[in-house]
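Results of the structural survey
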Amino acid sequence: MTVEIQPIRGMNDVLPAEIGAWQRLDACVRELVASYGYEEIRVPIVEHTTLFKRAIGEYTDVVEKEMYTFSDQGGDSLTLRPEATAGIMRALISNGMLRGQRHKLWCVGPMFRHERPQKGRYRQFNQLDLEAVGLPGPDVDAELIALAARLWRRLGIERVRLEINSLGTPESRRAYRDMLVSYFREHESALDSDSRRRLEGNPLRILDSKNPQMHAIIAGAPLLTDHLDPESREHFAALCAALDSIGISYRINPRLVRGLDYYSRTVFEWITDALGSQDAVCSGGRYDGLIAQLGGEPTPGVGFAMGMERVVELLVQAGKAPPGRAADVYVVVSGARASAAGLGLVERLRDELPARRFDLNLGGGNFKAQFRRADRSGAALAVILGDDELARGVAAVKPLRNEAGQSECPLPELAAAIEAVLTGAAAPAE
RNA sequence: GUGGACGUAGCUCAGCUGGUAGAGUCCCGGGUUGUGAUCCCGGUUGUCGCGGGUUCGAGUCCCGUCGUCCACCCCA
């Protein structure tokens, strides 16, 4: 045997045993986004590296150390997308879709970040992305949050809560940033090494340090919410009022900042206590300057990204992950003639009962083995076709999940008999 | 990138202070010449993650390496 090929670290297979939760989430999402008037868009997984550098920010962790970047045969620097917003905005620009138009878009697919894998964090992971472009808000901000809230409700996920904040405009944020830097400089001796490093690059990130020794200093720092420009303050107040009016509870977290540079004004995050340290399930915000920054017609935008693996994990934990649907009928065949006739019989049954699932015994096996497989398949019913039955033009029908006895049925009436037993079995007991 | 725990049969795991591997499950056959889940009997399955080292002898000790999980970090 040759040496076994390893899977790539942090890139997982979704096996049939787990697929039920994914399919449920997928179906739920498609129905939901349609009911809010969002349209699907599909964009490439690979883009020019400069797109992400310009959109996300050169000095963010994602760009600095997490991107899968490579040169193609022509020498261009390409990158596997670490997030979806940049590519979608690029698509709007490339296809001339701006010029004052509005777009409500959704997109789902794999993202790639080279991080050390742990629970809820993988190198290839799937995100659901929603983007509303051309709408300045705050009404659309509120609706987007309501959409996410409705998804949790429909999926039966309860262990999530909402935090919101406003980052203001780039100008007000810059002014606040200067205040923050001078505050932390006064207390520089008390800062840990991480925070000192951030003081240069991204001082806002000091605010969500998890180091308990930093809490006192952070608590004394000026608050972003106290230094917003008047328009942003008004925008944020209107968002809060809209959420109040539709009964969505939230917590204002003045220290909620984002790791991607393009955000402005509204930011929000749905967090959970059920996933260990990867607690963000869905997060997003407004990016009014991004499109102009990428060379497009200046257009406001707001959106969020949801980590599908994390949602699936919450579904599983909540016991809302349905098992894969089992077969309805397992067909047992025995003897040379009956085995040969089995395929044709089951093909006919599939014509007559297209909604039912038939599992024909393949690969032979004696009766004992075939019934064992029938049992393990989860089928409600076994249909038995032996040479003896075939000669008499009948098949035996045996319920596998109750004590009702086995009966025989002429082949032309078999489909009707199967349907009758299955619907009878599905009906609640009187 | 840093730290901790762990890698033994397809799967879940046992294997005490070193003496050349074991259970359950799964799968297959039989008990039941054509009837599953239960029960009984039998059978197949291992480069003990990989590479070095110590030793008469290593699954067990040491070093390295790869992987998994968790935390830091980061984020969805």
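The sections below set out a description of the structure shown in this document. (Residues numbered from 1 in each chain as written. Chains lettered and ligands numbered in written order. Predicted model: local features only at pLDDT ≥ 70, side-chain atom pairs only at ≥ 80, totals over all residues. Heavy atoms only, no water.)

Take the sheet that holds strand 5 (residues 103-112) next. The strand order across the open sheet formed by eight strands is 1-5-6-11-10-9-7-8, and the pairing between neighbours is mixed. Every other strand in the sheet has two partners, leaving strand 1 (39-40) and strand 8 (251-252) as the edge strands with one partner each. Looking at chain direction, strand 5 and strand 6 (residues 124-133) are connected through ten bridges and run antiparallel. What sits directly across from glycine 109, in strand 6, is glutamine 127. Along the sheet face, helix 4 (residues 85-94) touches strand 5 and strand 6 and points at about 45 degrees away from the line of strand 6. (Pairing = 2+ DSSP bridges. Helix = DSSP H or I, 4+ residues; strand = E, 2+ residues; numbered from the N terminus. Contact = heavy atoms within 4.5 Å. Axes fitted to C-alpha atoms, helices over the stretch in contact; angles between N-to-C directions.)

Scanning the model with the defined rule gives zero disulfides in all. There is no disulfide at cysteine 107, and the cysteine sulfur nearest it, in cysteine 282, is 15 Å away. Overall, the relative accessible area of 3% leaves cysteine 107 in the buried class. (Disulfide = S-S within 2.5 Å. Buried < 20%, exposed > 50% of the residue type's maximum accessible area, 1.4 Å probe, protein only.)

Turning next to the side chain of arginine 310. Note on placement: arginine 310 falls in helix 11 (residues 308-317). There is no salt bridge for the buried arginine 310, and the closest opposite charge comes from aspartate 279, which lies 6.2 Å off by N-O distance. A distance of 3.3 Å separates polar atoms of two side chains, one belonging to arginine 310 and the other to glutamine 278. One polar contact links the side chain of arginine 310 to the main-chain carbonyl oxygen of alanine 280, over a distance of 2.7 Å. The residues contacting arginine 310, other than those within four sequence positions of it, are Gly120, Arg121, Leu275, Gln278 and Ala280. (Lys, Arg positive; Asp, Glu negative; His and termini not counted. Salt bridge = Lys/Arg side-chain N within 4 Å of Asp/Glu carboxyl O. Polar contact = N/O pair within 3.5 Å; in protein donor to acceptor, adjacent residues only side chain to side chain.)

Across the nine residues that make up strand 9 (residues 264-272), a large majority, nine, are buried. Where strand 7 (residues 160-166) and strand 9 come together, seven bridges link them in antiparallel fashion. Looking at the pairing, glutamate 163 lines up with glutamate 269 of strand 9.

Sheet strands pair via backbone hydrogen bonds, and the direction of the pair is either parallel or antiparallel. If you trace the five strands from one edge of the open sheet to the other, you get 13-12-14-15-16, paired in mixed fashion. The sheet is open, and its two edges are formed by strand 13 (358-360) and strand 16 (407-410), each paired on a single side. Sheet twist, expressed as the mean angle between neighbouring strand axes with direction ignored, is 25 degrees. Relative to strand 15 (residues 394-399), strand 14 (residues 381-386) runs antiparallel, the two being bridged by four bridges. Across the sheet, residue isoleucine 384 finds its bridge partner in strand 15, namely alanine 396. With respect to the sheet, helix 12 (residues 336-352) is in contact with strand 12 (329-334), strand 13 and strand 14, its orientation differing from that of strand 13 by roughly 170 degrees. With respect to the sheet, helix 13 (residues 367-377) is in contact with strand 12, strand 13, strand 14 and strand 15, its orientation differing from that of strand 12 by roughly 175 degrees.

By themselves, these observations are geometric and do not establish any function.
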